[in-house]
Amino acid sequence: MRNRLVGNQGLQEIEILCVDDGSTDGAPEIIDEYATRYPEKVKAFHKSNEGEYSTRNYGLERAIGEYITFIDTDDYVELNWAEILYQEAKKNDADIAVCGFERIDMNTNRVIGKDLIGNKNIVKNINHKDDFCAFINPAPWNKLYKREKVKQFRFLNLRCFSDMMFLASSFTKLEKIVIIPQILYHYNLRYDSQIHTINQEDIDNFKKYILEVKKLYIEENKYQEMKNILELMIFIHLAISIMYRASYNKKINFKQERKETKEYLNEYFPKWQKNPFLKFSYCIKRGIKHIAIWLVAKMYQLNLEGIFFGLYRFMIDVLKIDIKW
């Protein structure tokens, strides 16, 4: 627990739920101390260790505020973080507010990347006409959700992909977003964390549960409207990000896995290759990131995606270029 979060936030009408997930260090005593010092703001909870997904769900089920957000243990926020997110969400009647953030290497304390930075706020409707929401980082910690819109959803017991499933599911309910391009959240990155390792079970789980998300879209009568967005999100996360991380696991037959990924897309999302957001005429107008995604899609169609991943790894491992989709 950091004092800058509790005592110094500009937003005073704030509810802070501190969930101790079976910690064996001094965390339980610390959060109890803060709950005693700030009884009008801080609520302390103690539960057995069941994983990050369980901790987030525990807090989500007990929150009573109009909006809700999440902060990971190792991270920290700016003093005006909550105030800015809340004020912009209210001013724009937004269901979700997203702020800029930076990634910090915990070993060197070096900033290795900054995301969502710019000159002015962006307010958009979440619909099938714009692909911007497919590129929002799925982590819940730089976002403020209108609680009424997401209270029915839960984080899944999955390594690596629970955040993406939660965000993709929430798009069936969220209608308007405001993006605040200021760095208000500081994410401390552990290179040995689970998001940087992946195994066969992780891949299989992603393929399994993303079909549950598709089913949700169908049940909510959102699939026909949003299927191009959902397909694009799946292509970016499965065909690019997950396959990239799988390439480092020597126990995975990477060539075979890429082949099966393409077969999976063809079976469950048979029109993905004709997705309007993957057409060259669309991507060429949107800049280098979109052109790169078009190129990856084309390489998959020609069975040449292995060349892309070789170049991708060279740029990250050798040239040390921070690449985020």
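Since we're looking at a predicted model, the values are computed, not measured. (Residues numbered from 1 in each chain as written. Predicted model: local features only at pLDDT ≥ 70, side-chain atom pairs only at ≥ 80, totals over all residues. Heavy atoms only, no water.)

Undergrad: Break down the overall build of the chain for me, citing the residues and quoting the values.
TA: Summing up its helical and strand segments, the chain has 12 helices and nine strands in all. Seen through its principal axes, the chain has C-alpha atoms that stretch 60 × 40 × 40 Å. Evaluated residue by residue, the chain yields a buried proportion of 50% over its 325 residues. In the chain, once contacts between residues fewer than 6 apart in sequence are set aside, the share between residues at least 24 apart is 77%. The average position of the 49 basic charges and that of the 45 acidic charges among the side chains of the chain differ by 8 Å. (Helix = DSSP H or I, 4+ residues; strand = E, 2+ residues; numbered from the N terminus. Buried < 20%, exposed > 50% of the residue type's maximum accessible area, 1.4 Å probe, protein only. Contact = heavy atoms within 4.5 Å. Lys, Arg positive; Asp, Glu negative; His and termini not counted. Charge placed at Lys NZ, Arg CZ, Asp CG, Glu CD.)

Undergrad: If you had to explain the environment of Asp-202 to someone new, which residues and values would you point to?
TA: Examined against the element boundaries, Asp-202 turns out to sit in helix α7 (residues 200-219). On the basis of relative accessible area, Asp-202 is assigned to the buried category, the value being 4%. Here the alpha-carbon distance between Asp-202 and Ile-242, two residues 40 residues apart in the chain, equals 9.1 Å. Filtering out sequence-adjacent residues up to four positions away, Asp-202 remains in contact with Arg-159, Cys-160, Phe-161 and Thr-197.

Undergrad: Quick rundown of the state of the cysteines? Include the residues and the values.
TA: Each disulfide consists of one covalent bond between the sulfur atoms belonging to two cysteines. Counting across every chain of the model gives zero disulfides. With no disulfide of its own, Cys-133 lies closest to Cys-283 among cysteine sulfurs, the gap being 15 Å. What makes Cys-133 buried here is its relative accessible area of 0%. (Disulfide = S-S within 2.5 Å.)

Undergrad: Residue-level account of the pairing of strand β5 (residues 96-105), with values.
TA: Most of β5 is tucked away: 10 of the 10 residues are buried. Sheet analysis places β5 next to strand β8 (residues 143-146), joined by three bridges and oriented antiparallel. Residue pairing across strands places Ile-96 opposite Tyr-145, the latter belonging to β8. Of the strand pairs in this sheet, β5 and strand β9 (residues 176-189) are connected by 10 bridges, and their pairing is parallel. Each residue of the ladder has a partner; that of Ala-97, found in β9, is Val-178. Alignment of β5 against strand β6 (residues 110-115), held across five bridges, turns out to be antiparallel. Across the sheet, the residue bridging to Arg-103 is Gly-113, located in β6. Taking the residues that link successive antiparallel strands as the turn, the β5-β6 hairpin has four residues, and the phi of Asn-109 there is positive, at about 60 degrees. (Pairing = 2+ DSSP bridges.)

Undergrad: Kindly report on the packing of aromatic side chains, identifying the contributing residues and their values.
TA: This model, assessed by the stated rule, comprises 22 aromatic pairs. Ring geometry for Phe-153 and Phe-166: centres 6.4 Å apart, planes at 80 degrees, overall edge-to-face. Here the residue Phe-153 occupies a position in the loop between α5 (147-150) and α6 (162-170), and Phe-166 occupies one in helix α6, the gap between them amounting to 13 residues. For the pair formed by Phe-153 and Phe-166, the shared burial category is buried. Grouped by ring-pair contacts, the aromatic residues Tyr-244, Tyr-248, Phe-254, Phe-308, Phe-309 and Tyr-312 constitute a single cluster. Between the NZ or CZ atom of Arg-37 and the centre of the ring of Tyr-34, over which it lies, the distance is 5.1 Å. The ring centre of Phe-254 lies 4.8 Å from the NZ or CZ of Arg-258, which sits over that ring. (Phe/Tyr/Trp six-rings, centres within 6.5 Å; stacked < 30°, edge-to-face > 60°. Lys NZ or Arg CZ within 6 Å of the ring centre and 35° of its normal.)

Undergrad: How would you summarise the pattern of salt bridges if you had to cite specific residues and measurements?
TA: Inspection of every chain in the model, using the stated rule, returns 24 salt bridges. Taken together, the shared-partner salt bridges in this structure form one network comprising Glu-52, Arg-56, Asp-72 and Asp-163. (Salt bridge = Lys/Arg side-chain N within 4 Å of Asp/Glu carboxyl O.)

Undergrad: Got a sec to walk through the nonpolar core? Specific residues and values, please.
TA: Residues Ile-126, Phe-206, Phe-235, Leu-265 and Ile-293 are the most contacted members of the largest nonpolar core, which totals 70 residues. The greatest single-element share of this core, amounting to 16 residues, is contributed by helix α8 (residues 223-246). Grouped together as the second largest cluster of nonpolar side chains are 30 residues, Ala-35, Ala-97, Cys-99 and Leu-144 included. (Core = buried A, V, L, I, M, F, W, Y, C linked by side-chain atoms within 4.5 Å.)

Undergrad: Describe the packing of helix α11 (residues 288-301) against helix α12 (residues 305-318), listing the residues and the values that go with them.
TA: Any two packed helices are characterised by the angle at which their axes cross and by the distance between the axes. Close contact between α11 and α12 brings their axes to 7 Å; oriented N to C, the two are set at 140 degrees. Of the possible angle classes, the one that applies to α11 and α12 is oblique. Where α11 approaches α12, its residues Val-296, Met-299 and Tyr-300 are matched on the opposing element by Glu-305, Ile-307, Phe-308 and Phe-309. Grouping the constituent residues of the contact of α11 with α12 by class yields six nonpolar, no polar and one charged. (Axes fitted to C-alpha atoms, helices over the stretch in contact; angles between N-to-C directions. Parallel < 35°, antiparallel > 145°, perpendicular 65-115°, else oblique. Nonpolar A, V, L, I, M, F, W, Y, C, P; charged D, E, K, R; others polar.)

Undergrad: Any chance you could break down the layout of surface pockets for me, citing the residues and the numbers?
TA: The volume enclosed by the second largest pocket comes to roughly 330 Å³. Considering the residues around the second largest pocket, the lining is formed by 16 residues, among which Ala-292, Phe-308, Met-315, Ile-323 and Trp-325 are closest to the centre. When contributions to the lining of the second largest pocket are tallied by element, the ones reaching two or more residues are α11 and α12. Sort the elements by how many residues they give to the lining of the second largest pocket and α11 lands first, with six residues. (1 Å grid on protein atoms, 1.4 Å probe; cavity = no way out; pocket = protein on both sides within 12 Å on 5 of 7 lines; lining within 4 Å. Points joined across faces, edges and corners; volume = space filled by probe spheres on them.)

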